[in-house]
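# A closer look at the structure
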Amino acid sequence: MKTATGQQPQVQLKTPYRFKISWTPIFFLTPAIVCFLVFKYYPLLQAVYMGFFDYKVINPPGKFVWLDNYKYLWHSTEFWNALRNTFAFFFIYFILTFWVPIVQAVLLNEVKFASKTMRSLYLLPTAVPSVAGYLLWKWLYNPDYGLLNYLLSFIGLGPYGWLNDPAMSKWAIVLPGVFATGMGMLIYYSALQGIPSENVEAAKIDGAGPWRRMTAIVFPSLKFVIGIQFISFISGVFLTFDPMYIMTGGGPANSTRTLAMLVFNSSFKEFRFGVAGSISLVMFVIIALITYVQLKLSNRD
């Protein structure tokens, strides 16, 4: 076939697509992937494996018992009590601590004077080792010579049992978490810095008040960050072990014994590693289900 000028048209041949691998990001991601496989996923699979055995450390894996460990949990009042306590802690942590860093970040975002200093002050409690902090709070809660009862006595309140009272022990354990929300506050504060100031100024010109600006601009902009933080919050609460172990040891009357403590007691005190593995799998399934529901609800919105 020839063109109007009598010349043969040139045919452009397509070069085959070559798949290129960028080795630089793979090089930097490899250590993190290896750490996750070794310290996260391998222990999880090992716990699932142990749950089907009467696991013996000296002569592993021990006798294969199939679902007997899970049957034991089904009929165990200790397990159901720990499960109730875990969900109770989940709701108390949500009420007292989850929304605190959001409010702190919103208020700090409005402060223009010495904001860097205030951010540093919010982060100071996170520099205190958790064990030392919980031991300090345990001393503050002491019913005989604790500072809290001493201060409350000046206004005619108390004395309270705090950690010795089953009705107050859960709230007393969660209360220190209110003062250790600096990292969460910094994450929300960084997200707030990404909101265009023009949008806020336009809302002010249109006559939108503070609450209207919060619901129409601020919270929608924080929606994704809040969702990610909530997923981290779920796993963090269900795996919380230090405050219960240090401050109460699971008491009084097992009112603060959670699933994480039950895993510790079953494995390192009673040496029932198969039971501990089955509890770990139950915790994983619960966290996964709550996370799935939360993701579905957030995507629906």
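The following refers to the structure shown. (Residues numbered from 1 in each chain as written. Predicted model: local features only at pLDDT ≥ 70, side-chain atom pairs only at ≥ 80, totals over all residues. Heavy atoms only, no water.)

## Some points on the overall build of the chain
Threshold: Helix and strand definitions here come from DSSP, where helices need a minimum of 4 consecutive H or I residues and strands a minimum of 2 consecutive E residues; each element is numbered from the N-terminal end. Values of the radius of gyration come from C-alpha atoms, whereas the globule rule sets the reference at 2.2 Å times the count of residues to the power 0.38. Exposure categories follow from relative accessible area, calculated using a 1.4 Å probe and restricted to protein chains: below 20% of the type maximum is buried, above 50% is exposed, and the middle band is partly exposed. Residue contacts follow a heavy-atom distance rule, with two residues in contact if any of their heavy atoms lie within 4.5 Å. The Shrake-Rupley method, run with a 1.4 Å probe, gives the accessible areas here. Residue values count only the displayed protein chains as cover. Charge counting treats Lys and Arg as positive and Asp and Glu as negative, with His and both chain ends excluded. We put the charge of a Lys on NZ, of an Arg on CZ, of an Asp on CG and of a Glu on CD.
A count of helical and extended segments in the chain gives 14 helices and two strands. Relative to the 2.2 N^0.38 estimate, which gives 19 Å for 301 residues, the radius of gyration of the chain is 27 Å and therefore markedly larger than a compact globule would have. Going through the 301 residues of the chain one by one, you find that 34% of them count as buried. Pairs at least 24 apart in sequence give 63% of the contacts found in the chain among residues at least 6 apart. Surface accessibility of the chain: about 19800 Å² in total, with carbon and sulfur atoms responsible for 68%. Counting 23 positive and 12 negative side-chain charges, the chain places the averaged centre of each group 12 Å from the other.

## Here's the deal with the side chain of Ser278
Tracing the backbone shows Ser278 in helix H14 (residues 273-300). Apart from the residues within four sequence positions on either side, Ser278 is in contact with Gly51, Asn69, Tyr70 and Leu73.

## Remarks on the pattern of salt bridges
The criterion, for reference: The rule for a salt bridge is simple: a side-chain nitrogen of Lys or Arg has to be within 4 Å of a carboxyl oxygen of Asp or Glu.
This model, assessed by the stated rule, comprises three salt bridges. A salt bridge links Asp54 to Lys56, with the shortest nitrogen-to-oxygen separation between them at 3.7 Å. With relative accessibility at 37%, the residue Asp54 sits in the partly exposed group.

## Some details on the packing of aromatic side chains
Our working rule: Aromatic rings from Phe, Tyr and Trp, taking only the six-membered ring of Trp, are treated as a pair when their centres fall within 6.5 Å; an angle between ring planes under 30 degrees marks them as stacked, one over 60 as edge-to-face, and anything in between as tilted.
Counted by the stated rule, this structure contains 32 aromatic pairs. Residues Phe87 and Phe238 carry aromatic rings whose centres are separated by 5.5 Å and whose planes lie at 90° to one another, so their mutual orientation is edge-to-face. In this pair, Phe87 is assigned in helix H3 (residues 77-98) and Phe238 in helix H11 (residues 210-238), connecting sequence segments 151 residues apart. Judged by its relative accessible area of 1%, Phe238 falls in the buried class. Centroid distance Trp137 to Phe179: 5.7 Å. Interplanar angle 25°. Geometry classified as stacked. In this pair, Trp137 sits in helix H6 (residues 130-140) while Phe179 sits in the loop between helix H8 (169-174) and helix H9 (182-193), placing the two residues 42 residues apart along the sequence. A relative accessible area of 18% means that Trp137 is categorised as buried. On the basis of relative accessibility, which here comes to 49%, the residue Phe179 falls in the partly exposed class. Ring pairs connect the aromatic residues Phe87, Phe90, Phe91, Phe94, Phe98, Trp99, Phe230, Phe233 and Phe238, which therefore count as one cluster.

## Examining H6
Test applied: It is the directions from the helix axis to the C-beta atoms that the arc portrays.
Those residues of H6 not exposed but buried are Gly133, Tyr134, Trp137 and Leu140. In an axial view of H6, the angular spread of the buried residues amounts to 110°, which keeps them on one side of the axis. Where the residues of H6 are buried, they touch helix H7 (147-152) and helix H12 (242-247).

## Observations regarding helix H4 (residues 100-110)
For H4, a buried count of eight out of eleven residues is recorded, marking the element as mostly surrounded by other parts of the structure. Turning to H4, its buried residues number three or more, namely Val100, Pro101, Ile102, Gln104, Ala105, Val106, Leu108 and Asn109. Its buried side turned inward, H4 meets H3, helix H5 (115-123), H9 and H11.

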